[in-house]
Amino acid sequence: VPTKFGIAFTAKFMNQGGALVHLYTDGTVLVSHGGTEMGQGLHTKVCQVAAQAFGIPLEDVFVCDSSTDKVANTLPSAASMSTDLYGMATLDACTQILKRLRPVREML
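Residues numbered from 1 in each chain as written. Predicted model: local features only at pLDDT ≥ 70, side-chain atom pairs only at ≥ 80, totals over all residues. Heavy atoms only, no water.

Caption draft 1: Spatial organisation of helix α2 (residues 82-107). Taking 1.5 Å as the rise per residue, α2 with 26 residues should run 38 Å; its terminal C-alpha atoms sit 38 Å apart, in good agreement. At L101, α2 shows its maximal kink, close to 45°; a proline, P103, follows between one and four residues later. Turning to α2, its buried residues are S82, L85, Y86, G87, A89, T90, A93, C94 and I97. Check the buried side of α2 and you find it contacts β1 (19-23), β2 (29-33) and α1 (42-54). (Helix = DSSP H or I, 4+ residues; strand = E, 2+ residues; numbered from the N terminus. Expected span 1.5 Å × (residues − 1). Bend = angle between axes of the 7 residues up to and from the residue. Buried < 20%, exposed > 50% of the residue type's maximum accessible area, 1.4 Å probe, protein only. Contact = heavy atoms within 4.5 Å.)

Right under this line is the structure:
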């Protein structure tokens, strides 16, 4: 009898992620997120999300190692959810930055 497992945690409060995004004046971006890179390419995927959101080359996006002084209360990198959780947290942070920069961009 085949057994099927879905993605996500059954405890709903665990389906959350966090990201801190820094946009520097030279156009580079530094992303800190709560996920753990274990060879699944999580850091690369998060960098791709930020690069796409800002419309910049992937080479201009860097990622910090996970640290609770940047993103607190992190959850396990498990249940096939890391890219979904931390990718969307990164996208949300980038979207908030772009929204705040909109008035400045319109003046230029």
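Caption draft 2: The arrangement of the sheet that holds β2 in detail. Taken in spatial order, the 3 strands of this open sheet run β1-β2-β3, and their pairing is mixed. Because the sheet does not close on itself, it has two edges, and the strands there are β1 and β3 (61-63). In this sheet, adjacent strand axes meet at a mean angle of 20° when their direction is disregarded. Sheet strands in contact with α2 are β1 and β2, and its direction is about 40° off that of β1. (Pairing = 2+ DSSP bridges. Axes fitted to C-alpha atoms, helices over the stretch in contact; angles between N-to-C directions.)

Caption draft 3: Focus on the side chain of S82. Take S82: it is sitting in helix α2. In this structure S82 comes out as buried when scored by relative accessible area, which is 9%. If near-sequence neighbours (up to four positions away) are discounted, S82 is found in contact with Q40, L42, S77 and G87.

Caption draft 4: Structural context of the nonpolar core. Membership of the largest hydrophobic core comes to 19 residues, with the highest contact counts inside it found for V21, V29, V31, A50, F54, V61 and Y86. Of all elements in the fold, only β2, α1 and α2 reach the threshold of two or more residues within this core. With 6 residues, α1 is the single largest residue contributor to this core. Apart from the residues lying within four places of it in its own chain, the contact partners of V29 are V21, H22, L23, A50, F54, I56, D60, V61 and F62. (Core = buried A, V, L, I, M, F, W, Y, C linked by side-chain atoms within 4.5 Å.)

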